[in-house]
Amino acid sequence: MQRAEPQDFARVLSSMCTVPHPKARTAAERFLTTNPGDPGTYETVAALEEKAIGMLGAVAGHPSAGGYIASGGTEANIQAVRIARNRARTHRDVTSPNVVVPESAHFSFTKAADVLGIELRRAPLTDYRVDTDAMAALADEETVLMVGVAGTTEYGRVDPIPDIATLAHEYDALCHVDAAWGGFVLPFTGHEWNFAHAPIDTMTIDPHKMGQAVVPAGGLLARTQELLNPLAIDTPYLESTSQVTLTGTRSGAGVASAVGAMDALWPEGYRKAATTGQENAEWFANELSARGYAVVDPVLPLVAADIPHETIRKLRDRDWRISKTSSGELRIVMMPHVTREMLTAFVSDLDRIGQK
Ligand SMILES: *Cc1c(COP(=O)(O)O)cnc(C)c1O
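In this report, we go over the structure that sits alongside the text. It should be emphasised that the depicted structure is a prediction, and the values quoted were computed from it without experimental measurement. (Residues numbered from 1 in each chain as written. Predicted model: local features only at pLDDT ≥ 70, side-chain atom pairs only at ≥ 80, totals over all residues. Heavy atoms only, no water.)

## A few points about the sheet that holds strand 7 (residues 174–178)
If you trace the seven strands from one edge of the open sheet to the other, you get 1-9-8-7-6-2-3, paired in mixed fashion. With one partner strand each, in any of the chains shown, strand 1 (66–70) and strand 3 (119–123) form the two edges of the open sheet. Sheet twist, expressed as the mean angle between neighbouring strand axes with direction ignored, is 20°. Each of strand 2 (98–102), strand 3, strand 6 (143–149) and strand 7 is contacted by helix 4 (residues 108–116), which is oriented at about 150° to strand 3, the strand it contacts most. (Pairing = 2+ DSSP bridges. Helix = DSSP H or I, 4+ residues; strand = E, 2+ residues; numbered from the N terminus. Axes fitted to C-alpha atoms, helices over the stretch in contact; angles between N-to-C directions. Contact = heavy atoms within 4.5 Å.)

Below is the structure:
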């Protein structure tokens, strides 16, 4: 099989990235060599970053949120853990901090734990959502953060965010919501996930996933700009006096493309992508069920189904870019580039290959 072109999405079915909106692409090119890490020198992109955070805040139910455009969900999650750890050190004298996360938490929290020297405690799930009683049982006076996922990476499920926020504050811990993937879909559902629905403290929401911006554009939001203070480091050789980001020099492309995409798509364009994605998810789930495959009910535009590994391997040989969940299910993410035509072609291939 020939290798696909690097930017060809025609057979990409399991990625959480997608074709950027044309306005996002143009904006990225225009700001490619700017560095928002040095706002004293690159003033235009620094102003654009404030705009990006205001718009991301609006998507997440809190237009006056603080935050910044990160390299991705991984950096945003690491930084959320770092805020909670540093804050607990000064507020509460916590010396061996722990963070309680759902078992479904993204592997970036494992990186955060390793880098920051905190203990990760994983709470079990019931029907793919975290069990808050189990979270309570894992928490103690050294707990600095409790995490809920709004749109899990493998099954697209939404944890009970208001309950997690209440629980976290009982322990004087912070509450972080990981909406890296789900954040641009959830505004068009009835789920309670954002700053307006619950007293959450921080959130990860990535423009470079469902937000249709270019990579790299992640988002870290905080209820107030002051919440970012535990991240501030003095920057002696720059005009600006301190920096809260994990990276130093970073491309303004992500910042500019996030604004370009949100300007073009919030809210109607995102609503359309979310609605079409959900319709495609339900159609695809029905097609697979009708063929006798066990399917995990798609709550958000993401379908996991039990397909024999050998069949998945043969579909990959036909150049379908697909991946599996940790338990081995085929996982299809209904990103904006995934059309009904693509899915129909995929199902035809499955029919051909699936029959022994
Ligand atoms: C993708 C994802 C991340 C990681 O984001 P990157 O941009 O890949 O670093 C974190 N959390 C969730 C829920 C995700 O889906």
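## With respect to the packing of aromatic side chains
Per the stated rule, a full pass over the model turns up five aromatic pairs. Ring geometry for Phe-184 and Tyr-270: centres 4.8 Å apart, planes at 50°, overall tilted. With Phe-184 in the loop between strand 7 and strand 8 (202–204) and Tyr-270 in helix 8 (residues 268–290), this residue pair connects regions lying 86 residues apart in the sequence. A single burial state applies to Phe-184 and to Tyr-270, both of which are buried. On the basis of an interplanar angle of 50° and a centroid distance of 6.0 Å, the ring pair of Phe-284 and Phe-346 is categorised as tilted. In this pair, Phe-284 is assigned in helix 8 and Phe-346 in helix 10 (residues 340–354), connecting sequence segments 62 residues apart. Across this residue pair, the class does not change: Phe-284 and Phe-346 are buried. A connected cluster of aromatic rings, assembled from ring pairs, spans Phe-284, Trp-320 and Phe-346. When the ring centre of Trp-320 is taken as reference, the NZ or CZ atom of Arg-11 above it lies at 4.0 Å. (Phe/Tyr/Trp six-rings, centres within 6.5 Å; stacked < 30°, edge-to-face > 60°. Buried < 20%, exposed > 50% of the residue type's maximum accessible area, 1.4 Å probe, protein only. Lys NZ or Arg CZ within 6 Å of the ring centre and 35° of its normal.)

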